[in-house]
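Residue-level structure breakdown
Next come the chains, spelled out residue by residue.
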Amino acid sequence: MTTTDKIHQTLRDSAGMRWLVLLLLAFAMFCSYIFMDILSPIKDLMQSTRGWDSTAFGTMQGSETFLNVFVFFLIFAGIILDKMGVRFTAILSGAVMLVGATINWYAVTDAFQGSGLQTWFTNNLNYIPGFDELGISPFYRGMPASAKFAAIGFMIFGCGVEMAGITVSRGIVKWFKGREMALAMGSEMALARLGVATCMIFSPVFAKLGGVIDVSRSVAFGVVLLLIALIMFIVYFFMDKKLDEQTGEAEEKDDPFKISDLGTILSSGGFWLVALLCVLYYSAIFPFQKYAVNMLQCNLVFKEVPTDSFWATNTVTILQYCIMLVVAGASFASNFMKKASMKYGLLTLAGVLLTVFCYMGYMRQSAETVFAVFPLLAVGITPILGNYVDHKGKAASMLMIGSMLLVLCHLTFAFVLPEFRDNAVGGVVIAYLTILVLGASFSLVPASLWPSVPKLVDAKIIGSAYALIFWVQNIGLWLFPLLIGKVLDKTNTQLVADLKNGVITPEEAAVSYDYTAPLVMLACLGVAALVLGFILKVVDKKKGLGLEEPNIKA
Ligand SMILES: N[C@@H](Cc1c[nH]cn1)C(=O)NCC(=O)O
C-alpha cells in the first residue's frame, strides 16, 4: 500500500473497523429485543405475583407501540433521523429505551407495591377522553396499578426501540453500502433473533433465582443490558464522527425528509400490498411470541424442575444456550466465508447441535426452553435465505410459503397440540416440530420482505418508506397482544369465574387457559397474508415489479 492509499483510507475501508461498527449496532439491537419480550415467558408469574390477568398482560404488552401509532412517533423518529443524522439519533434512541425500561422495572418491583404512586395509579388513568370512546385506551378501569405504570414505561421504551430499528438500518447502509451490506443486515437480524431466545431462556431464570420468585429481577436484567446498549451507541457515535471527519461529508444531508415523499410512497400500490402483508404476518408472530410460553404451559405437562440449587435448576438451560451460540456462530461463519462446502458442513454441525439442543430441552422440560428453539432456526437460516434472494430471487413465492407455514403452525397449536395434553412425549415432539416449522416461516418472510421494499420505492425515499411500513406494522403490534388477552379472558369464562371465586389458585389459573380461539384468530391473519402474497405475485408478474428477480444479477 502506498502512502497516498494510506492517507485516503477511512475507518469504513478497514474491514475490522466496519465489522466492529456492525457489532456495536447489532449488539445494541440484541439488547433491545431482549427487553421487548422480557415479560413474555413469565406471563404466569405476572398473574400469580402481580395480579395481571390476560387482559392486563395484553394491554400492557400492546402499549409498546401505542405512542408510535397514535402520536405518530415513528414518523417523527424518521424525521429526527433525517434531520439530525444517525449518531445523534442512535444515542437518543438508546437513552429513550433506557428511561422507559427503568420506569417499567420500577412498576414491577416490590417497592412500587403499597407506594403512593401505586395508590395514584389505582385511582387514576381509568379513562382517557377521546381514546376510550374509540376503544383504543392503553389503560382501563380495574387494570392493576403496576400494569398501568409498566405500560407507560413500555410506551416510552417502544418509541426508543423503533427509532433504534430505523437508525441501525441507516447506520448499516452508511458503513456497508457497496460492500457486504446484505450479510451485515442478515447478521444484525440474526443477532436480534438470538436476543429473543436469550430472554425466553434467561428471564424465567432470573425471576426464579434462588427459589424465590421476583419478577423485577428479570426486568432489571433487561435494564442493565439497555445500559450496555447505550454505551455501544456512544462508542458508535465517536467512530461515526471520525468517519465523517475523514470523508469530509456532512451527515445525511443528501437525503432530507419531505412531506411530499409520504404522498409518493402512499400512492404506490405495490408498497401498500407489502405494508399490509407485513402488518398481517408480523401481527401473527410478535404478539404470539408474547403468549407462546404460556400457551405451551397450558397445553403440555412438564416435570417439576428442582429449585433448591442454581446448578440443579439451570445447568441444562445454560448448556442449551451455549449450543445455541455455536449454531449462530456456525451460521455466521458459513455466510462470511462464502464457501459452499464450508456452508453445508457447518450447517450439518448446526443441525446435529440443534438436535442435541431439542433433546436437552425435552429432558429439562420447561415451556421456555422448548419455545427457545423458535428464534434459533431463524438465527441459522435467515442470512442463508437472504443470500438466496440476493442471487436467485423468488421473494414473492417465499412470502407465500412463509404465510402458508404460519397458518399450518397456528392450526396445529390450536387443534393438534391439545390432543396430546396427557401424552408428555408426543406433546413435546409435536411442539418442537411445530415451533421449528414456525421458525422456518419466520426466516422466509423477513428475508424476502425487507429486501423487496427498495424495488417498490425510489432509493431517495427508502428511509421514509421503512418508517411508514414500521408504522403500519406497529398498528398490528399494538392491537393483537391486546386482542389475544381479551379473547383469552372472554373464551375462558369458567376459569376467570373460578379464579374470582377462589375455586382455583392464581398459580393454577395462570397455566390453565384454552388458547384455541386466539390461535384461530392468528391463523386467520396468516390466511389473509397468504391471499395478499398471492395478489402480490400476480401484480408483480403483470407490472414487472421485479420481486421474483435476484437482487444481484450476474
Ligand atoms: N418493527 C421492528 C422491530 C419490532 C419487533 N417487535 C416490535 N417491533 C421490526 O419489525 N423489525 C424486523 C424484524 O424482522 O425483526
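Because the structure is a prediction, the values reported are computed rather than measured.

Turning next to the overall build of the chain. On a plain count of helices and strands, the chain comes out with 25 helices and zero strands. Within the chain, the fraction of its 554 residues that count as buried is 52%. In the chain, 86% of the contacts between residues at least 6 apart in sequence involve partners at least 24 apart.

Taken together, M36, E162, G165, A192, Y282, F286, P446, F470, Q473 and L477 are the residues near the ligand. Only α9 (145-176) and α22 (462-491) provide two or more residues apiece to the shell around the ligand. In terms of residue count, α22 provides more of the shell around the ligand than any other element does, three residues in total.

End to end, helix α11 (residues 215-247) covers 48 Å across 33 residues, agreeing with the expected 48 Å (1.5 Å per residue, within 8%). Just beyond α11, the residue with positive phi is G248, at close to 75°.

When pLDDT is averaged along the chain, the result is 86, and 89% of the positions lie at 70 or above. At the low end of the mean pLDDT range in the chain sits helix α1 (residues 3-8), at 50; at the high end sits helix α7 (residues 86-107), at 97. Confidence over residues 1-6 falls short of pLDDT 50; this stretch has one contact with residues more than four positions distant or in other chains. Both scores are available for the predicted complex, with the pTM at 0.88 and the ipTM at 0.95.

Trans is the common state for peptide bonds, and a negative phi is the common state for residues other than glycine. Despite not being glycine, F72 has its phi angle at roughly 55°, a positive value. Within the element layout of this structure, F72 appears in the loop between α5 (66-70) and α6 (73-84). For K394, which is not glycine, the phi torsion reads 70° and is therefore positive. Within the fold, K394 resides in the loop between α18 (373-392) and α19 (395-416). A residue is classified by how many C-beta atoms lie within 10 Å of it, and K394, with 17 of them, is partly exposed.

Between helix α2 (residues 15-36) and α9, whose axes approach to 10 Å, the crossing angle comes to 160°. In this view, α2 runs roughly antiparallel relative to α9, as classed from their interaxial angle. With respect to the hand of their crossing, α2 and α9 are arranged in left-handed fashion. Touching R18, V21, L22, L25, A28, M29, S32, F35 and M36 of α2 are F157, V161, A164, V168, G171, I172, W175 and F176, all from α9. Of the residues in the contact of α2 with α9, the class split is 14 nonpolar, two polar and one charged.

Okay, the nonpolar core next. Ranked by internal contacts, the top residues of the largest apolar core, which has 176 residues, are L25, M29, L277, Y281 and F371. The element that contributes the greatest number of residues to this core is α9, accounting for 18 residues. Aside from chain neighbours lying at most four places away, what touches L277 is L399, A529, L532, G533 and L536.

What counts as what
- Residues numbered from 1 in each chain as written.
- Predicted model: local features only at pLDDT ≥ 70, side-chain atom pairs only at ≥ 80, totals over all residues.
- Helix = DSSP H or I, 4+ residues; strand = E, 2+ residues; numbered from the N terminus.
- Buried ≥ 20, exposed ≤ 12 C-beta atoms within 10 Å, placed from the backbone.
- Contact = placed C-beta atoms within 7 Å.
- Near = placed C-beta within 6 Å.
- Expected span 1.5 Å × (residues − 1).
- pLDDT = per-residue confidence, 0-100.
- Axes fitted to C-alpha atoms, helices over the stretch in contact; angles between N-to-C directions.
- Parallel < 35°, antiparallel > 145°, perpendicular 65-115°, else oblique.
- Left-handed = near helix turned anticlockwise from the far one by under 90°.
- Nonpolar A, V, L, I, M, F, W, Y, C, P; charged D, E, K, R; others polar.
- Core = buried A, V, L, I, M, F, W, Y, C linked by C-beta atoms within 7 Å.

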